[in-house]
2 protein chains.
Amino acid sequence: MTVTIYDVAREAGVSMATVSRVVNNNPNVKPQTRKKVFEAIERLGYRPNAVARGLASKKTTTVGVVIPDISDSIVAEVARGIEDIANMYHYNIILSNADKKKDKEIRVINTLLEKQVDGLLFMGGVITDEHLDAFRTSSVPVVLCGTTDEGKLIPSVTIDHEQAAYDAVKLLIDQGHKKIAMISVTLKDPATGYARYQGYKRALEDAGLTLDEQDVRIGNYRYESGMEAMGYFLEQPERPTAVFAATDEMAIGAIHTIQDHGLRVPEDISVISIDNIRMASMVRPQLTTVAQPMYDIGAVSMRLLTKLMNKEQIDQTQILLPHDVIKRNSVAQV
Amino acid sequence: MTVTIYDVAREAGVSMATVSRVVNNNPNVKPQTRKKVFEAIERLGYRPNAVARGLASKKTTTVGVVIPDISDSIVAEVARGIEDIANMYHYNIILSNADKKKDKEIRVINTLLEKQVDGLLFMGGVITDEHLDAFRTSSVPVVLCGTTDEGKLIPSVTIDHEQAAYDAVKLLIDQGHKKIAMISVTLKDPATGYARYQGYKRALEDAGLTLDEQDVRIGNYRYESGMEAMGYFLEQPERPTAVFAATDEMAIGAIHTIQDHGLRVPEDISVISIDNIRMASMVRPQLTTVAQPMYDIGAVSMRLLTKLMNKEQIDQTQILLPHDVIKRNSVAQV
DNA sequence: CTGTTAGCGCTTTCAT
DNA sequence: ATGAAAGCGCTAACAG
């Protein structure tokens, strides 16, 4: 039923080894023989079995990618970067959502390893010791994508979240703002959430401003939580003149809440955030934000992984990509 | 170096077959033996090799998914549905972007087939005879996701795009609109673009309205093209009082262009579209649109695929999921 | 309930 | 430049 390399060999009057050579572009084949083999392949409609090849060669040319939620636009953009580079190097990608749930992440990592992926890209939540263990027992390289482990043991590519937050808040300060609220995400994640909070804090401190814990609310990355947090700020006796949101989505939620209260952005309240998702320039006012190079984070981490898989010498395994503040229309002078 | 089933067998003092049985949850193993084997597995840190298993069993428990661009929010949402159900049935997913390019799609399909996926989910552009050929030579089931082939030969799950468009335009008509423009997408794709155009046309006809070809512009799915198309309509001597956009993103672009011209939505011009992406409720005014159940399209097509892979009897291989008009704030009476 | 034994379809020395 | 043959790690009859 299925045609194998053996069938092709017989059809072409050569040995399996020769067929294998032509299929794998081994130059040690006489052009004439090569031609015969190709013809036989064509005639039989032979399709190499990558599973058998994987077993024999111990390479699958597929990499495992664990992500939280592909329906998140940031993740999707990173995934696109990963895919493009993977494709360029002839790797396929097994994508697995793990929703930032530790147990699911561990399970998924193991499944991927069982499938004999040649490498692993991890984009998830907090990296625990259990993760580190799983990575350690992996015989294939791992790179962290958009995050880092605290000990910086695992190769990674991300941005400097602390500095990105600092830059955002600094912009507000430079515009004369003194009462700056923050809509944060969970502080439990040292690599992202907490880092952004730290950047906020440092910027305030550098400017001699005091951080009032009443001025920071914790959201959940999403639009609605931005609305909610902003609602809280608006009820306070002394309103902030500016708010820094840890994500664009929350910033857009904040903007709408401000507008719904009959106030204007940026005239009454300025809003800035981090990410630069596509939607940032599709809302009015357009969002001023610190761009995170999502596609590149994916692309560069995949590229790094290919080098690791090839056992190339790497000079730098902790890669920090530049961020960029994008001035649009949601920030004004106080 | 790597520990195999044979090592476990020796360690546990049983045969490979027995180890295989316990790993695969075959009930025909004495509890005690099972325990011994599990202990050996634990001690040795054995991880089953799914590639070897795949070769021996001719099943890989992975399905191939070809998509256009994972960074598209609709595609990402569908992908999420696919992944969730795949996960539920213990399948993994190899995701491949093909950007609606025919050649790339064909290439990707073949690669996936070489990898011996147990099934294929296809979400792409126009389905040509070449696609049909590729599907035909596939020994594994295929289902189309969010589209159909013209001959309805391949199992598929999608919505009735024609009717969805009809319903959208009908709503406008019911609100008294008579001059209704359309921002379409390419008419080259019979399953989606052209179908939506047809629905627009039929709704107008049913209402005794005449379709003026000047009232339809072709966009490219995206925000900017919606802006552009709307800009065109606004320059015409007789402006439409309502516009139907084939996608939410274009509708949002149209809304902003209208607003930028100092007009109001919906007071001056009503806007409706199809999709109901997350962003639809994150813009002001919130978008009235016909919801396409993206997650379900993914989930249901994956579910259908599992049945096909199990060779279960299927009553219905052409599945049409319901759409739903979501009334928000971008449509008003004329 | 358990063990033996063929493969699964390919790559990869090693000869020639 | 080509072929022979030994696996890769596992499953699946089959036998007992």
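Chains are numbered independently. Their residues run from 1 in the order of the written sequence. Chains and ligands are labelled sequentially in the order written, the chains with letters from A and the ligands with numbers from 1. Predicted model: local features are reported for residues with pLDDT of at least 70 only, side-chain atom pairs are reported and counted for 80 or more only, and whole-chain, interface and lining totals are derived from all residues. With hydrogens and water stripped out, all remaining heavy atoms of the structure feed into the side-chain values.

Going by what an unreviewed UniProt entry lists, chain A is known as Catabolite control protein A and is assigned to Paenibacillus albiflavus. UniProt positions are given in the numbering used here, feature names are shortened, and annotations may be inferred rather than shown by experiment. The annotation that UniProt attaches to chain A under Function (unreviewed entry) is "Global transcriptional regulator of carbon catabolite repression (CCR) and carbon catabolite activation (CCA), which ensures optimal energy usage under diverse conditions."

Visitor: So, the layout of surface pockets: which residues are in play, and what are the values?
Guide: One way to see where empty space is left: roll a probe the size of a water molecule over the atoms. Using only the protein atoms, space was sampled on a 1 Å grid; points where a 1.4 Å probe fits but cannot get out form cavities, open sets with protein on both sides within 12 Å along at least five of seven lines form pockets, and lining residues are those with an atom within 4 Å of a point. Grid points are joined across faces, edges and corners, and a volume is the space filled by probe spheres set on the points. The space that makes up the second largest pocket amounts to roughly 1,400 Å³. Considering the residues around the second largest pocket, the lining is formed by 40 residues, among which Leu113(A), Gln116(A), Ser139(A), Thr2(B) and Asn49(B) are closest to the centre. Runs of E in the DSSP output that reach at least two residues are strands. Runs of H or I that reach at least four are helices, and both are numbered from the N terminus. Among the elements of the structure, α4 (50-57), α6 (102-114) and α12 (294-309) of chain A together with α2 (16-23) and α4 (50-57) of chain B are those that each provide at least two residues to the lining of the second largest pocket. Gly is placed with the polar residues, together with every amino acid not listed as nonpolar (Ala, Val, Leu, Ile, Met, Phe, Trp, Tyr, Cys and Pro) or charged (Asp, Glu, Lys and Arg). Grouping the amino acids of the lining of the second largest pocket by side-chain chemistry returns 18 nonpolar, 15 polar and seven charged.

Visitor: So what's going on with the packing of aromatic side chains? Residues and values would help.
Guide: Centres within 6.5 Å make a pair out of two Phe, Tyr or Trp rings, where for Trp the six-membered ring is used; the pair is then stacked when the planes are under 30 degrees apart, edge-to-face when over 60, and tilted otherwise. Using the criterion set out here, one finds 10 aromatic pairs over all chains in the structure. Summarising the aromatic geometry, the rings of Phe122(B) and Phe135(B) are spaced 5.6 Å apart at their centres and angled 70° between planes, so their arrangement reads as edge-to-face. Linking Phe122(B) in strand β3 (residues 119-122) with Phe135(B) in helix α7 (residues 129-136), this pair joins segments that are 13 residues apart in sequence. With respect to burial, Phe122(B) and Phe135(B) carry one shared label: buried. Look at Tyr194(B) and Tyr197(B): their rings are 6.1 Å apart centre to centre, the planes differ by 35°, and that puts the pair in the tilted class. Of this pair, Tyr194(B) and Tyr197(B) both sit in helix α9 (residues 190-206), three residues apart, roughly one helical turn. Each residue in the set Tyr194(A), Tyr197(A), Tyr200(A) and Phe244(A) is aromatic and connected to the rest through ring pairs, giving one cluster. Over the face of the ring belonging to Tyr166(A) we find Arg202(A), whose NZ or CZ atom lies 4.0 Å from the ring centre. Per-residue accessibility, obtained with a 1.4 Å probe over protein chains only, is compared with the maximum for each type, and a residue is labelled buried under 20%, exposed over 50%, and partly exposed between these values. Charge-over-ring contacts are defined here by two conditions on Lys NZ or Arg CZ: a distance within 6 Å of the ring centre and an angle within 35 degrees of the ring normal.

Visitor: Give me the sheet that holds strand β3 (residues 119-122) of chain A: which residues, what numbers.
Guide: If DSSP finds at least two bridges between two strands, the strands pair. Spatially, the 12 strands line up as an open sheet ordered β11(A)-β5(A)-β4(A)-β3(A)-β1(A)-β2(A)-β2(B)-β1(B)-β3(B)-β4(B)-β5(B)-β11(B), and their pairing is mixed. A strand with exactly one partner marks an edge of an open sheet, and here the two such strands are β11 (318-321) of chain A together with β11 (318-321) of chain B. Within the sheet, the average angular offset between the axes of one strand and its neighbour, ignoring direction, is 20°. In terms of strand pairing, strand β5 (residues 156-159) of chain A meets β11(A) through four bridges, oriented parallel. Within β11(A), the residue paired with Thr158(A) across the bridge is Leu320(A). This element, helix α5 (residues 73-88) of chain A, spans β1 (62-67), β2 (92-97), β3 and β4 (142-145) of chain A together with β2 (92-97) of chain B of the sheet and lies at about 75° to β2(B). Axis definition: a line fitted to C-alpha atoms, limited for helices to the stretch in contact. Angles are taken between N-to-C directions and run from 0 to 180 degrees. Residue contacts are counted whenever heavy atoms from the two residues lie within 4.5 Å of one another.

Visitor: Quick one: what's the story with the protein's contact with DNA strand D, residue by residue and with numbers?
Guide: Not every one of the 28 residues close to DNA strand D is listed here, only the nearest: Arg21(A), Thr33(A), Ile5(B), Ser20(B) and Tyr46(B). Among all atoms of DNA strand D positioned within 4 Å of the protein, those belonging to sugar or phosphate total 63%. Pairs of N or O atoms within 3.5 Å make up the polar contacts considered here, provided that, within protein, one atom can donate a hydrogen while the other can accept it, and that residues adjacent in sequence are counted only when both atoms are side-chain atoms. Between a phosphate oxygen of DNA strand D and a side-chain N or O atom of Thr33(A), the distance comes to 2.3 Å. Take Ala52(B): an N or O atom from its main chain is 3.3 Å from a base nitrogen of DNA strand D. Elements represented by at least two residues in the surface near DNA strand D include exactly α2 (16-23) and α4 of chain A together with α2 and α4 of chain B. When its residues are assigned to classes, the surface near DNA strand D shows 12 nonpolar, 11 polar and five charged. Whether a residue is near a molecule or strand depends on its heavy atoms: if one lies within 4 Å, it is near.

Visitor: Residue-level account of the relation of the copies chain B and chain A, with values.
Guide: When the copies are superposed, the least-squares fit takes in the C-alpha atoms of residues with a pLDDT of at least 70 in both. Superposing chain B onto chain A requires a rotation of 180° together with a translation of 0.0 Å along the rotation axis, leaving an RMSD of 0.1 Å. Here the copies are linked by what is in effect a two-fold axis. Measuring from the rotation axis to each C-alpha of chain B, the shortest distance belongs to Ile94(B), at 2.2 Å. With an isologous cut-off of 70% or more, the 100% of interface residues of chain B that recur at the interface of chain A puts this contact in the isologous class.

Visitor: For the pairing of strand β9 (residues 270-275) of chain A, give the residues involved together with the corresponding values.
Guide: Residue and element names in this part refer to chain A. For β9, a buried count of six out of six residues is recorded, marking the element as mostly surrounded by other parts of the structure. Across the two faces of β9 the burial is the same, with Ser270, Ile272 and Ile274 and Val271, Ser273 and Asp275 all buried. Looking at chain direction, strand β8 (residues 242-245) and β9 are connected through three bridges and run parallel. Within β9, the position partnered with valine 243 by the bridge is valine 271. Looking at chain direction, β9 and strand β10 (residues 288-291) are connected through four bridges and run parallel. Looking across to β10, one finds that isoleucine 272 is bridged to threonine 288.

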